[in-house]
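Next come the chains, spelled out residue by residue.
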Amino acid sequence: NPNAVPTIEGIGDTTGVITVDSVAAINTTSGDRLNMRDMPGLNSTIIARVDSGTRVVVTDGPASIDGFTWWQIRLSTGQVGWVVERAEGVQTLIPAR
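These lines cover the structure that appears in this document, whether it is placed above or below. Computed from a predicted structure; not experimentally measured. (Residues numbered from 1 in each chain as written. Predicted model: local features only at pLDDT ≥ 70, side-chain atom pairs only at ≥ 80, totals over all residues. Heavy atoms only, no water.)

When its secondary structure is counted, the protein chain shows zero helices and nine strands. Listed by position from the N terminus, the elements making up the protein chain come as β-β-β-β-β-β-β-β-β. Expressed as a percentage of its 97 residues, the buried residues of the protein chain come to 38%. Carbon and sulfur atoms form 47% of the exposed surface of the protein chain, whose accessible area is close to 5,400 Å². (Helix = DSSP H or I, 4+ residues; strand = E, 2+ residues; numbered from the N terminus. Buried < 20%, exposed > 50% of the residue type's maximum accessible area, 1.4 Å probe, protein only. Areas by Shrake-Rupley, 256 points an atom, 1.4 Å probe, with all protein chains shown as cover.)

This next bit is on the environment of V84. With respect to the element layout, V84 can be found in strand β6 (residues 80–84). Sequence-wise, V84 and A63 are 21 residues apart; in three dimensions their C-alpha atoms are separated by 9.3 Å. Every residue in contact with V84, bar those within four places of it in the chain, is listed here: L34, F68, T69, W70, T92 and L93. (Contact = heavy atoms within 4.5 Å.)

Another aspect to go through is the packing of aromatic side chains. One pass over the full model with this rule turns up one aromatic pair. Seen in terms of ring centroids, F68 and W70 are 6.4 Å apart; in terms of plane orientation they differ by 75 degrees. Their pairing is edge-to-face. Using a relative accessible area of 25% as the deciding quantity, one classes F68 as partly exposed. (Phe/Tyr/Trp six-rings, centres within 6.5 Å; stacked < 30°, edge-to-face > 60°.)

Below is the structure:
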């Protein structure tokens, strides 16, 4: 099913939804890392590249900019930035259990 949300090592919850103050997990393929930007939008500065499987807290969003849905996340380090929910057919931010 091309619309199925892939899960990673039992972290993903395909029945959940992303909401502010929820926990989510970064999901990329082939060892890629997800760009985290200072503001939502493709022209914003990349401030970090987040590894697949990283658990994050959703702090704001969604914002629809440049054809993508963006969510603000906080890493365990306290760093805050914006990531896309889906890119290139892959759900890159998935609700965590």
